[in-house]
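Residue strings, one per chain:
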Amino acid sequence: SGRARSCVGEQQPLPLAPPLPLVPPAGPGRAAAARMAGEFHLRTGKLVALLNGNRTAKRNKPTEEFNHGLAMSREPLGDGQLFQVRIDRKVNSWSGSIEIGVTALDPSTLDFPSSATGLKGGSWIISGCSVLRDGRSVLEEYGQDLDQLSEGDKVGIQRTSGGELHLWVNGQDCGAAASGLPPQVWAVVDLYGKCTQVTVLDCETVMRREEPLRTAATEEGFVGMELSDVVNNAILSAYNGNLLNVSLASPPDSCSVTSNDALLFHEKCGTLIKLSNNNKTAERRRPLDEFNNGVVMTNRPLRDNEMFEIRIDKLVDKWSGSIEIGITLHNPNNLDYPATMTNLRSGTIMMSGCGILTNGKGTRREYCEFSLDELQEGDHIGLMRKSSGALHFYINGIDQGVAATQTLPTVYGVVDLYGMAVKVTIVHNHNHSDRLRRNNAIMRALSPDVGRRIFDSGDVEVERLLFHPNCGQKAAIVCEGRTALRPHATDDFNHGVVLSNRSLRSNEIFQVRIDKMVDKWAGSIEIGVTTHNPAYLQLPSTMTNLRSGTWMMTGNGVMHNGTTILDEYGHNLDRLKAGDTVGVMRKEDGSLHFFVNNVDQGLAASNVPSNVYAVVDLYGQAAQATIIDDIELPPLPDDMLEGNNQVSPCSLFSLTPSNDLRFHHLHGNNAVITNGGRTAFRQNCRSEFNDAIVISSRMLREGEMFEILIQKMVDRWSGSIEAVNLKTPSYLGVTAIRPEDLEFPSTMTDIDYDTWMLSGTAIMQDGNTMRNNYGCDLDSLTTGSRIGMMRSSNGDLHYYINGVDQGVACSGLPPELYAVVDLYGQCVQVSITSGSLPVDNSLSLSNVTEKSFPLHSPVPGITHRFHANCGKYVALQNDGCRAVRVHGFSHGIVFSMKELKPDEIFEVKVDEMDEQWSGSLHIGLTTLQPFEISCASSGLPASLLELRSKVSWLVSGAEVRRNGALQKQNYGFSLERLTVGNRVGVKRGSDDTMHVFVDGEDMGVAAAGIAKNVFAVVDLYGKVVSMSIVSSSTLEETESTKPPSMSSGSCSEEEEDLSPCENEASVFLATIEFMENHGRNILLSNDGHTATRVASYNQGVVASAQPLPRQLLFQIRIDRLNTQWTSSLSLGVIGHCPERFNFPGTASSIKRSAWLIQRGSVFHNSLKICDNYGPNLDTCPEGTVLGLLVDNTQGLHLYVNGMDQGVATQDIPSPCFVVIDLYGQCEQVTIVTNDIMAPGSDGSHLCCQGDVEKAGVVDGIKENLCWTPPPEVNPMKTCEYQALCARFKELLPLPDGYFNEELKCNLCYCESCRKLRGDEAYYKRGDPPKDYALPFGWCRFALRLNPRCEVTNVYKKWHTAYHGTCVGSLRRTLDHGELVSAGSASIFCSKQAKVELQNGYNDPEVNSVQEKDTVKVSLSPTMRYVGLDRFCPKIRFKDVRSQRHHQAQVAFQVCVRPGSYKIGPPSAGASESIDPRFSNNEIEWITKERASTVLYGLLVRVE
């Protein structure tokens, strides 16, 4: 009929009068002006688009840009006119949200700034809970925090006739924000940060009146509304009147009018109380010194049925006891406030802890299960005096029942900020969207239809149980809320709490499957329920730490509020394995039951309240869990079914057959059911071969195919799968599956009634063979095979192998049949497929590792698997060990199942190639976690070169790329040359480098600075069609075998010879500089790279202009100190853009999203969180270089003079900005970059540690510079091999004057040292560039340079080569300063000279001799050739230190002038390839010219 009735309470509401007219009727002109004012002006910020007749504003690129979202009203606001918008859409990418206000600037001529706080010339903007005038804060604590508003909330702005500015939030006037506004102002709305779209609501003129709020109910208005909106307005009305008198009437079209007589704190209060926020907030001063004198009271008596509610804003841990709340008869104007309200002996009722105190004495010890002492910051506490005189208390919106039956009508609310409680704020019920949501939940509990949308008859509402996005700090929610995991489960064992997204209904089971476990920790999954709403709960490290409203099953006990109430209960959760399920249910009678593998463990607790949320604690070994329910999932999209019968092995939730056949939860003792009932496997498959019978969940329909896919087999047993049909007695009926009546034997052949089965090639009935040599042999099936069975309409049973009918197996079968599978012998795991859909021949389990299902690999020795989430044209076979691209030339990306450990090689073998395509396999590492990939979204790109959602490093051909950008050319063996049988591997070294292996040979460092948590990634691209995993072990280095740290004084090959930096590194593309917005005593110079404090000792805070990228070291140098002050600088990061920030006097006063390192401590939001970290920054002298780096795990590192001080704090947000406080002694700092000189510097040293050049020189153009984090160094460790080589050199009769005195130029190329430096195997040098190999296994001693050489020209433009020699020729060669060819100068001479020259070569013009008299000198670009024994003869010597005998070889590293030599095959003759980088036809260089070589280093190798 369109009329609404009250469904709560017995009393019917009185008829409501129409709303009183707020202003005199307006004429057509005023109405038109109001309509125009209710639209946005056509001129807006550059990213704003107007829709809906200019009534909706939308910020474009919401995930890429956070500002430029200004919109203004079309016309100036009239007196009392409310300009109100509704928040339509928010995103979570940014901090901050909607900002609103007014400005005197005309939008027609305004040059719109990037944000509203940039408006000047008469602008008042409300941002968060601050009021700003012309960009400067004038009121810090005002109204409601706009950043906390949600989608659907309404916010408005109003200029009164008296020139005051008022903010309205959801119909509630927040009071005057400013005064003295000019008569003509335009409304301003800034779609900033999270807020991306708003819509203007009808603008009305609102006058402040004392009349109570009234609501009009018209049939027309009610019919056009959704019921939830009606209920919300009814609830608001209820809080202004009788809670039990709810009218489902429509709201007025005009904005709500509220009384000015709001509940506030009385100005007279306890001696330590400080009031703020218009007397809505009370805070106890000196909370660490005093625990009492914190009493506050309301400014007026409470009305009947009026809620007085506060929110706990701040607690301290120093004291026992906490907040107390209640009522008193005493007028605050006349009261002499006591130190604590429990000292008042008359007219007072207080709730303290979980009891009730009357006049200071306990009257009820156990009033409720919640204790006020256990509440946390953000919790709400309220009270209400009912019209009957009864007093009720509320905790987080839940009524705790009657605390006192009779109270006098005139009482004041009172709060005692005692002990831990420091700060509270009054919460007005109708001013918060969370209050509406909470009341909707209460109303739905009373009447299921209230507060819900009314659906059409054809609509079906599915309220699916999911995980709430608010989860523990070490947890993550993926797969559209179905799966929860701890991504770094081996690093931490707690902080993995997750809750359900809604409260559980009575008799509703919440059940999860354990997907993944780790072996590192003790303890495992815990499950239970809690009364705490996940949206407001500050999640503890583990749920057993929560002391209120929580019941948990942990191990085999049950805990309530952290206290054990049952010691021996049910199955021990610590013994569960991957694939097991656990569940919880609150029954209608309030009893709580837990379930393990669908088995009820019995009564765990009683009198559990309604509206509880399910909670799972991924603790200890439990690393991942997925919610199990019976909701059918959508079929695969059509584009994934094209052209083949194999589909992408995507996540569990995108690959679901469109039938309801499942395995029943009852089964044999060794069977485990998982994957929502679609997968069955036999646990302990190598020690148990039977007791693994599984049965279908329902009877088979006539003509219905039951088909399974064999996913895993082992080669330990004989025999394989046995598939049967089992007839169930007729008394089971058709209502449900009754496998309880079947006593599962060890094998199906032991059942001797109503059973038909196929075993091997035999057809059996009731355990007896009735036919041999049937058309198929089950023992011959392999992994990936499909077997199905169908009962036809005439009672014949047919078997199908891979979809092919094998003929009639037997006849005369009854219609009521259930499919049964015996996972016997070799068969370990099967999954139900659908006969109407293509079959996934891959591991169809989602988000699992090999630990997920404890099965041994069917391939001997293989430890790795491909992850099930992969490219859409990939099919996985052989238990995830083989990948096949089944269509096209792309979409073949596959990942390793788990993260690679340090120095662990992930290796594959090329199985099949298709020469019709070009291109080849790509391989590398990525920070993208495969389980984060959603196949329902865009999924993976077509090629690995396009994978840029997370940082990825890959090798394609002979190129190294990072996120698709070219980093290096001519790296190692080109993958384009791969053929069938070649093996390719990738390794993340312990020194954060990436190595690629071809046929087991290390191609050297491909990239450096690799993140710690990376997966191997391979792209089946182009010619390579299929591959198999062949890696078989993980290299675990002990502490004694790890490479020694490089000395801080050593230099790498790249640094020492100014050659290109081949290390892959993050490149800071933006110019590094300080932001123009800074402390008022700061002066920027040197193009924004130097900050100087010009006055006083504070107001010197400065921030970076750009966000700090991950893995980038941001460094500053202390230029000037003033010793007249004490203390010094501090530095850290902030999680919000400093462009609009009003910097305080010191950085330690920043209390929002700030992490600061000060002296030797770490602070977060002004609170110390870590002590004794790093050096005391107050003692750093001038010239000290300090740096900050945020790693890929969100850890903040401090660097002092290039030395990493370790992780200071975790969970740094992105983006973040560097902030530096030039405080006290520190007066000037300069950013240290590659090309920026400090003031007063001569520029002789421009590169900081870790700066190296990147690409080669092309046509004289200087290469770009890259900035890499400095390696960890330890000057206390040295290389024993280098020391041994040095002791051998000392035995040689060589003057010290031939060698470079700088020890840092002596490089050791042993395995440990070159890995630590990240050296690559090959580099380029010269003009034109020419490849050369580093002398791995040798030690180089740098030679003093010939002063006549043009060093720069030689190093840059000459090529690098090696020359083998003997010990007896060293002195002669060094005396000449270049390679000599006379006498026995070198065994590399192809022809002996006729005359021995005493003084080396003659001048170049004299060197022009006939060819027959010229002796050739041989060189090579690789020591693999010149290091052969015939060229470098070994000499035996005794080490003076160890007294052991060794063999040594010597050679020279030289620079050779381009064009002075010829390239040819080896003169020594070689049939096999000597170096994979060089063909044998170019392995030897012959020079005939004198003065064409420069000696560069002496090489020594000792065995």
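Please read all numbers here as calculations on a predicted model, not as lab measurements. (Residues numbered from 1 in each chain as written. Predicted model: local features only at pLDDT ≥ 70, side-chain atom pairs only at ≥ 80, totals over all residues. Heavy atoms only, no water.)

**Student:** So what's going on with the overall build of the protein chain? Residues and values would help.
**Tutor:** Looking only at helices and strands, the protein chain has 10 helices and 93 strands in total. A buried classification covers 56% of the 1503 residues belonging to the protein chain. Taking contacts inside the protein chain between residues at least 6 apart in sequence as the whole, the part at least 24 apart equals 70%. Split by element, the accessible area of the protein chain, about 61,900 Å² in all, is 48% carbon and sulfur. (Helix = DSSP H or I, 4+ residues; strand = E, 2+ residues; numbered from the N terminus. Buried < 20%, exposed > 50% of the residue type's maximum accessible area, 1.4 Å probe, protein only. Contact = heavy atoms within 4.5 Å. Areas by Shrake-Rupley, 256 points an atom, 1.4 Å probe, with all protein chains shown as cover.)

**Student:** Mind laying out the side chain of Thr 1146, listing which residues take part and the relevant values?
**Tutor:** Note that Thr 1146 resides in the loop between strand E72 (1130-1134) and strand E73 (1154-1158). The buried category is assigned to Thr 1146, whose relative accessible area is 16%. A polar atom in the side chain of Thr 1146 sits 3.0 Å from the side chain of Ser 1148. Dropping the residues within four chain positions of it, Thr 1146 is found in contact with Asn 1098, Val 1101, Asp 1221 and Tyr 1223. (Polar contact = N/O pair within 3.5 Å; in protein donor to acceptor, adjacent residues only side chain to side chain.)

**Student:** Kindly report on the nonpolar core, identifying the contributing residues and their values.
**Tutor:** Of all hydrophobic cores here, the largest spans 37 residues; its most connected members are Phe 866, Val 894, Phe 906, Leu 921, Met 994 and Met 1027. The leading source of residues in this core is strand E58 (residues 905-913), at 4 residues. When near neighbours in sequence (up to four residues on either side) are disregarded, Met 1027 contacts Phe 866, Cys 881, Arg 882, Ala 883, Val 894, Val 908, Lys 909, Val 910, Asp 911, Leu 921, Val 1018 and Leu 1020. (Core = buried A, V, L, I, M, F, W, Y, C linked by side-chain atoms within 4.5 Å.)

**Student:** Explain the packing of aromatic side chains to me, using residue names and the numbers behind them.
**Tutor:** Within this structure, the stated rule accounts for 22 aromatic pairs. When the ring of Tyr 367 is compared with that of Phe 393, the centres are 6.0 Å apart and the planes differ by 75 degrees; the resulting orientation is edge-to-face. Note that Tyr 367 is positioned in the loop between strand E22 (361-364) and strand E23 (380-385) and Phe 393 in strand E24 (residues 391-395), a separation of 26 residues in sequence. The two residues Tyr 367 and Phe 393 agree in class, both being buried. Three or more aromatic residues link up through ring pairs in this structure, and these residues are Phe 291, Trp 319 and Tyr 418. Positioned over the ring face of Phe 1341 is Lys 1289, at 5.5 Å from the centre of the ring. (Phe/Tyr/Trp six-rings, centres within 6.5 Å; stacked < 30°, edge-to-face > 60°. Lys NZ or Arg CZ within 6 Å of the ring centre and 35° of its normal.)

**Student:** So what's going on with the sheet that holds strand E65 (residues 1001-1008)? Residues and values would help.
**Tutor:** One open sheet holds the 7 strands; their spatial order is E55-E56-E67-E58-E63-E64-E65, and the pairing between them is antiparallel. Looking at strand neighbours, the two that pair on one side only are strand E55 (874-877) and E65, the edges of this open sheet. For this sheet the average axis-to-axis angle between neighbouring strands, irrespective of direction, equals 25 degrees. One ladder, built from 5 bridges, connects E58 with strand E63 (residues 983-988); its direction is antiparallel. Across the sheet, Glu 907 pairs through a bridge with Gly 985, a residue of E63. (Pairing = 2+ DSSP bridges. Axes fitted to C-alpha atoms, helices over the stretch in contact; angles between N-to-C directions.)

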